[in-house]
Amino acid sequence: MSHTLGIRQAQKQKTRQALMDSALQLLEHQSLSSLGLREVTRAVGVAPAAFYRHFKDTADLGVALVEQALGSLHDTIRAAIVTTGAGEERIHRVVALIAAHVRTHPAHVRFIARERHGGVAPVREAIGVQLRRFADEVAEALGADPQSAGWTSADLRMLAGVYVDHMVMTASALLEAGEPGEEPVLTTARAQLRLVTLGRRHWLD
């Protein structure tokens, strides 16, 4: 009995993931607000009614995609936080991490960039919650850095937000430019981080 339940659960999870994968592929060419569940189920080859065994509606599907997309970004942000080295070396490593993430997860980056300010409120809110969570983690890491001695928690949180926003903005710009045009984007991203680093160094002056 438990073996049969295990097979059913695995099949259910496989169908759920197939719906998410198909939706993500369809969303390369349209926004979530224009996506119909019949499009998604047709791409997977299941009846429309099967959709409701996994998601309440397309907004619920979008929230699941947010968790998946920003889950993949979480490792990149964590790596950027722990990146060591001198200032210039650190900047180059962080920007390289962002570029590598875009090459590996272009559909995820495109989805977040489009829906961050999109028309589906639950998805927009889910993205905001995840990005604020990332900023909290960055602020905690910054607080442990000797360079942050004397900083208030509010200022650390502000700086963390700048870093997270910069990462998302750079990822979106890289996606827009494509690999052949990425070098100017990388050059600008590094210059922006140098500016933030200088400001951070003199913030308490």
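Just so we're clear, the structure is a prediction, and the values are computed from it rather than from any experiment.

Caption draft 1: Seen up close, empty space enclosed by the protein. Evaluation of the coordinates by the stated rule reveals one cavity of 30 Å³ or more. What the largest cavity holds in volume is close to 140 Å³. Residue lining of the largest cavity: 15 residues in total, with Leu 73, His 101, Val 109, Ile 112 and Ala 171 positioned closest to the centre. Residue assignment for the lining of the largest cavity shows that the elements contributing at least two residues are helix H4 (58-82), helix H5 (87-104), helix H6 (106-115) and helix H8 (153-177). When residues in the lining of the largest cavity are grouped by element, the largest group, five residues, is from H4. Grouping the amino acids of the lining of the largest cavity by side-chain chemistry returns 10 nonpolar, five polar and no charged.

Caption draft 2: Structural view of the side chain of Thr 15. The residue Thr 15 is located in helix H1 (residues 2-26) in this model. Exposure remark for Thr 15: the relative accessible area of 16% places this residue in the buried category. If near-sequence neighbours (up to four positions away) are discounted, Thr 15 is found in contact with Val 46 and His 54.

The rules behind each value
Residues numbered from 1 in each chain as written. Predicted model: local features only at pLDDT ≥ 70, side-chain atom pairs only at ≥ 80, totals over all residues. Heavy atoms only, no water. 1 Å grid on protein atoms, 1.4 Å probe; cavity = no way out; pocket = protein on both sides within 12 Å on 5 of 7 lines; lining within 4 Å. Points joined across faces, edges and corners; volume = space filled by probe spheres on them. Helix = DSSP H or I, 4+ residues; strand = E, 2+ residues; numbered from the N terminus. Nonpolar A, V, L, I, M, F, W, Y, C, P; charged D, E, K, R; others polar. Buried < 20%, exposed > 50% of the residue type's maximum accessible area, 1.4 Å probe, protein only. Contact = heavy atoms within 4.5 Å.

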